[in-house]
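Each chain, written out:
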Amino acid sequence: MKIEPIGYIKNDFDGKFAVPRQSNIADSIKSKIIFFDDYAKAEAVKGIEDFSHLWLIWEFHKNSHSATSLTVRPPRLGGNKRVGVFASRSPFRPNPLGLSAVRLESVEYNESGEPMLIVSGADLIDGTPIYDIKPYIRFSDSYPDAVCGYVDTVPFPTLNVVYDDKIANVIPRDKMESLIEILSGDPRPAYQKDENRIYGFSYAKKEIKFTVKGDTLTITEIKDGEQ
């Protein structure tokens, strides 16, 4: 089977670092789904505005290699314990495909009548190829009594984010609010917990620097990144 992307996602995640580990963890993040020419047609999305959520099928296109092991080390387990690749959502898989549920915020059209989807809560980086979009169906896609293995037993990390007001003025307020939501989820690699280390990543064309001590994350610098 040969598959081709139907479009790509556009957002403020300039790289893999700090991207939420699951969809809807940072639901204030807005992304745009841009369709390629063959699918940038109004009829392709007719009726989609009647759904509140969508499934995205996409590619881990920044992975340097495919899965080389049948076991992986999930960040939720501290990056030390191994489980089977099919018992995880690791990006290193036999086929580098991702699946994410996102909220459909709106459908917009350009001057030529080509549609674009505005979604929130996506855990994809800028430029990620989208292979398919399907509506989320509540009665069949939701299982409130589902058992979720180690995800049920290991609490999701939450950090208190602090920063100087002068630092916050470097970035637009709405993006600052989203940045705090991202950082509160502890974006560090699971195996790195060095309190003396300064971590850095690119977000919204800004370079973000921070440290973590205990349960407090301190933003130390925000400056213009490379354009």
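Our structure is the block above this text.
Small disclaimer: the values here were computed from a predicted structure and weren't measured. (Residues numbered from 1 in each chain as written. Predicted model: local features only at pLDDT ≥ 70, side-chain atom pairs only at ≥ 80, totals over all residues. Heavy atoms only, no water.)

### What about the sheet that holds strand β9 (residues 160–162)?
- Reading across the sheet, the four strands line up as β9-β12-β11-β10 and stay open at both edges, with mixed pairing between neighbours. Edge positions in the sheet fall to β9 and β10 (199–203), since each of these pairs with one other strand and no more. Averaged over all neighbouring strand pairs, the angle between strand axes comes to 30°, with direction disregarded.
- Pairing of β9 with strand β12 (residues 216–224), which is carried by three bridges, proceeds in the parallel orientation. Across the sheet, the residue bridging to V162 is T218, located in β12. (Pairing = 2+ DSSP bridges. Helix = DSSP H or I, 4+ residues; strand = E, 2+ residues; numbered from the N terminus. Axes fitted to C-alpha atoms, helices over the stretch in contact; angles between N-to-C directions.)

### Some points on the packing of aromatic side chains
- Summed over the entire model, instances satisfying the criterion amount to eight aromatic pairs.
- Each ring, one from F17 and one from F210, has its centre 6.4 Å from the other, and the planes form 45°; the classification is tilted. Of the two residues, F17 sits in the loop between β1 (7–10) and β2 (30–35) while F210 sits in strand β11 (residues 206–213), which places them 193 residues apart along the sequence.
- Residue classification places F17 among the partly exposed residues on the basis of a relative accessible area of 26%.
- Measuring from ring centre to ring centre gives 5.4 Å for Y199 and F210, while their planes differ by 20°; the resulting arrangement is stacked. Here Y199, found in strand β10, pairs with F210, found in strand β11; they are 11 residues apart in sequence, far enough to count as distant.
- Owing to a relative accessible area of 3%, Y199 belongs among the buried residues under this scheme. (Phe/Tyr/Trp six-rings, centres within 6.5 Å; stacked < 30°, edge-to-face > 60°. Buried < 20%, exposed > 50% of the residue type's maximum accessible area, 1.4 Å probe, protein only.)

### Overview of the pattern of salt bridges
- If you walk through the whole model with that rule in mind, you get six salt bridges.
- In this structure, K134 engages D132 in a salt bridge whose closest nitrogen and oxygen atoms are separated by 3.3 Å.
- Relative accessible area serves as the criterion here: at 28%, D132 is assigned to the partly exposed category.
- One salt bridge in this structure joins D186 and R188, with 2.9 Å as the shortest N-O distance. As far as burial versus exposure is concerned, D186 and R188 are alike and both buried. (Salt bridge = Lys/Arg side-chain N within 4 Å of Asp/Glu carboxyl O.)

### Quick word on the nonpolar core
- Core analysis: the biggest nonpolar cluster contains 25 residues, and L179, L183, F201, Y203, L217, I219 and I222 have the highest contact counts within it.
- Looking at this core, the elements that each hand over two or more residues are α3 (165–168), α4 (173–184), β10, β11 and β12.
- A total of four residues in this core trace back to one element, the largest contributor, which is α4.
- In contact with L179, other than residues within four places in its own chain, are F201, Y203, I208, I219 and I222.
- Core analysis: the next-biggest nonpolar cluster, separate from the first, contains 19 residues, I6, I9, F60 and A122 among them. (Core = buried A, V, L, I, M, F, W, Y, C linked by side-chain atoms within 4.5 Å. Contact = heavy atoms within 4.5 Å.)

### Examining the side chain of S31
- Positionally, S31 belongs in strand β2.
- Taking relative accessible area as the criterion, S31 reaches 1% and is therefore assigned buried.
- Side chain to side chain, S31 and N11 meet in a polar contact 3.1 Å long. (Polar contact = N/O pair within 3.5 Å; in protein donor to acceptor, adjacent residues only side chain to side chain.)

### So, the sheet that holds β2
- Sheet architecture is closed into a barrel: six strands sit in the order β1-β2-β7-β6-β3-β8, paired in antiparallel fashion. Between one strand axis and the next, the sheet turns by 45° as a mean value, whatever way the strands run.
- The sheet contact formed by strand β3 (residues 53–59) and strand β6 (residues 97–109) spans seven bridges and is antiparallel. Looking at β6, one finds that L56 is bridged to S100.

### Considerations on the pairing of β12
- In this sheet, β12 lies alongside β11 in antiparallel orientation, the contact comprising eight bridges. Residue pairing for β12: F210 is matched across the bridge by I219.
- With antiparallel pairing between neighbouring strands as the criterion, β11 and β12 make up a hairpin whose turn holds two residues, including G214 at a positive phi of roughly 65°.

### Focus: unusual backbone geometry
- Located in the positive-phi region is A204, a residue other than glycine, with phi close to 55°.
- Assignment of secondary structure puts A204 in the loop between β10 and β11.
- In the Ramachandran plot, K205 falls in the positive-phi region, its phi being about 65° despite a non-glycine side chain.
- In this structure, K205 sits in the loop between β10 and β11.
- In this structure K205 comes out as partly exposed when scored by relative accessible area, which is 42%.

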